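Structural overview
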Amino acid sequence: MTGVRKGLAKVEVGLRWDPSPAGTPAHDLDIVAAVYGAADLHGVPVHLVHFGSRSPDGTITLNRDSHTGQGFGFDEVMTLELGRMAPDLRRVVVGVIIQDTAAGGAAATFADVAGTGLRIREGYTDLAQGDFGSVPSATAATVAEFTRDDSGAWSLDARLRGFEAGPEEFTRTMGAVR
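Structural notes, computed from the coordinates. (Residues numbered from 1 in each chain as written. Predicted model: local features only at pLDDT ≥ 70, side-chain atom pairs only at ≥ 80, totals over all residues. Heavy atoms only, no water.)

1. Quick look at the overall build of the chain
Helix and strand counts for the chain stand at 1 helix and 12 strands. Across the chain, every contact between residues at least 6 apart in sequence was considered, and the portion connecting residues at least 24 apart equals 69%. Accessible surface for the chain amounts to roughly 8300 Å². Of this, 51% is attributable to carbon and sulfur atoms. (Helix = DSSP H or I, 4+ residues; strand = E, 2+ residues; numbered from the N terminus. Contact = heavy atoms within 4.5 Å. Areas by Shrake-Rupley, 256 points an atom, 1.4 Å probe, with all protein chains shown as cover.)

This is the structure we're talking about:
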């Protein structure tokens, strides 16, 4: 999953996965967005948006949140209104975290979750799509980086990067320099 596109205003990130087999614990995948200001593009996020929250200015919202993967189409959907963000907000990193554990108490990985899929779109145009097959041992992954240039135009760099980290560590390191 790679792609670069410039001049974005409002995008949607969709995540899907298949429910766990009957009799096994449900998998809970979550979309998270970290927003960075111009003063610290790779350090501490200005704010994090995830399940149960939205950005203080209302420009990033989680429209759909699933704890099981049950449903039709994309189970989790996050909308980013990049064109409405304050000028000092210059970077948004979007990731996916697996919140549950696999059998035996170990952290679940993307290899444990069947039928994963990701789509990033603006309007009806798909900008990027893929799955998590290339990061099977990861427990979290970044999927997109939106950056604003000096003219104010937003661009997308859609690259999958896996992390073997818990939710707290992932949200602290997901936007670090690669």
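Next comes the rest of the write-up.
2. Brief notes about the pairing of strand 9 (residues 125-130)
Inspection of the sheet shows strand 8 (residues 117-122) paired to strand 9 by 5 bridges, in the antiparallel sense. Within the sheet, the bridge partner assigned to Leu118 lies in strand 9 and is Gly130. Two successive antiparallel strands, strand 8 and strand 9, enclose a turn made up of 2 residues, where Gly123 displays a positive phi of approximately 65 degrees. (Pairing = 2+ DSSP bridges.)

3. Points about the pattern of salt bridges
Counting across every chain of the model gives 6 salt bridges. For Glu12, the salt bridge is made with Arg119, and the minimal N-O distance between the two is 3.5 Å. One end of the pair, Glu12, is in strand 2 (residues 10-16); the other, Arg119, is in strand 8, and 107 residues separate them in sequence. Look at Glu12 and you get partly exposed, because its relative accessible area is 24%. (Salt bridge = Lys/Arg side-chain N within 4 Å of Asp/Glu carboxyl O. Buried < 20%, exposed > 50% of the residue type's maximum accessible area, 1.4 Å probe, protein only.)

4. Structural notes on the packing of aromatic side chains
In total, this model carries 2 aromatic pairs according to the counting rule given. Pairing Phe110 with Phe132 gives two aromatic rings, centres 4.3 Å apart and planes at 5 degrees, and the pair type is stacked. Placement of Phe110 in the loop between strand 7 (89-98) and strand 8 and of Phe132 in the loop between strand 9 and strand 10 (140-148) is noted, with a sequence separation of 22 residues between them. Across the pair, Phe132 and Phe110 agree in class, each one buried. Ring geometry for Phe163 and Phe170: centres 5.0 Å apart, planes at 75 degrees, overall edge-to-face. Given a relative accessible area of 10%, Phe163 falls into the buried group. (Phe/Tyr/Trp six-rings, centres within 6.5 Å; stacked < 30°, edge-to-face > 60°.)

5. Side note on the nonpolar core
In this structure, Leu80, Val92, Val94, Phe132 and Phe146 are the most contacted members of the largest nonpolar core, which totals 39 residues. In terms of residue count, strand 7 provides more of this core than any other element does, 5 residues in total. Not counting residues up to four positions away in its chain, the partners in contact with Val92 are Ala33, Ala34, Val35, Ile60, Leu80, Leu82, Met85, Ala144, Glu145, Phe146 and Trp154. (Core = buried A, V, L, I, M, F, W, Y, C linked by side-chain atoms within 4.5 Å.)

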